[in-house]
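# Notes for the structure review
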Amino acid sequence: KHALSMTMSNIVLLLLVLAPLRMAAASSDCIPGGQHMEASFACSMMWLSKPQQDLCVRIMIWGGIDMSVSHKEDQTGYVTLAAWFAVESFEVTRIAARNQLSHNTSLSGQERHAYEGCMKDYALAGRSITRVANEMLPSCRFTHLSYEYNHALNSIVSCMNRLSALTQVNTPLYPMVLADQDKAVLAYHLATLIGVV
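Residues numbered from 1 in each chain as written. Predicted model: local features only at pLDDT ≥ 70, side-chain atom pairs only at ≥ 80, totals over all residues. Heavy atoms only, no water.

Turning to the nonpolar core, a few remarks are in order. Met-60, Phe-90, Tyr-149 and Leu-163 are the most contacted members of the largest nonpolar core, which has 55 residues in total. Of all the secondary structure elements, the ones that give two or more residues to this core are helix H2 (39-42), helix H3 (50-62), helix H4 (75-103), helix H5 (109-136), helix H6 (145-164) and helix H7 (173-191). At 13 residues, H4 tops the list of elements feeding residues into this core. Residue contacts for Met-60: discarding those within four places in its chain leaves Ala-39, Cys-43, Ile-65, Met-67, Tyr-78, Leu-81 and Leu-190. (Core = buried A, V, L, I, M, F, W, Y, C linked by side-chain atoms within 4.5 Å. Buried < 20%, exposed > 50% of the residue type's maximum accessible area, 1.4 Å probe, protein only. Helix = DSSP H or I, 4+ residues; strand = E, 2+ residues; numbered from the N terminus. Contact = heavy atoms within 4.5 Å.)

Here the structure, examined in full by the defined rule, presents 2 disulfides. Bridging Cys-43 to Cys-56, the disulfide has an S-S length of 2.0 Å. Negative torsions about the S-S bond denote left-handed disulfides, and the value of about -70 degrees found for Cys-43 with Cys-56 makes this one left-handed. Here Cys-43, found in the loop between H2 and H3, pairs with Cys-56, found in helix H3; they are 13 residues apart in sequence, far enough to count as distant. A single burial state applies to Cys-43 and to Cys-56, both of which are buried. Residue pairing for Cys-118: its cysteine sulfur links by disulfide to Cys-159, the two sulfurs lying 2.1 Å apart. Judged by the sign of its S-S torsion, about 100 degrees, the bond between Cys-118 and Cys-159 is right-handed. One end of the pair, Cys-118, is in helix H5; the other, Cys-159, is in helix H6, with 41 residues separating them in the sequence. Like Cys-159, Cys-118 is buried. (Disulfide = S-S within 2.5 Å.)

Written out as structure tokens, the structure is:
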């Protein structure tokens, strides 16, 4: 168990180191002369719930965004940052599922089947959200963005359904998947800033 804990700690540390690099990649300005806004304003949109607003602020701070009201950035940068945050979180959850399959010998056949299904779901979700963060947003290709966001979210929900079907089993993966769903939903909501519906 100690070895697994160290592995996850190293993963989290790596993601924190990568955060400034992700923010640099998120700074594309897709619309010359387009609207810039404060991060705090982007996170206080009326259709975001209070937990989503708090998560949004956490993401901005994770990415090194200046949260002062006098600082404005291109909206696409905020959208890209939220997508990268989801990418990193999805990867941590995928690795956690893989570690359970590899090292937890007490998993029942039902649990193992659910975790294997989640690995496939997360492969699909990861590909979609990485395509959004690494290819489509930096190159300002907004066509089909909605499809990729929804594909990622539906894959996460598929994993949640698999885990929910595990009756009388308290899986440590479920809270991680639930948090990933929140991050995927927030990333999609922020994308409305650039007209993605």
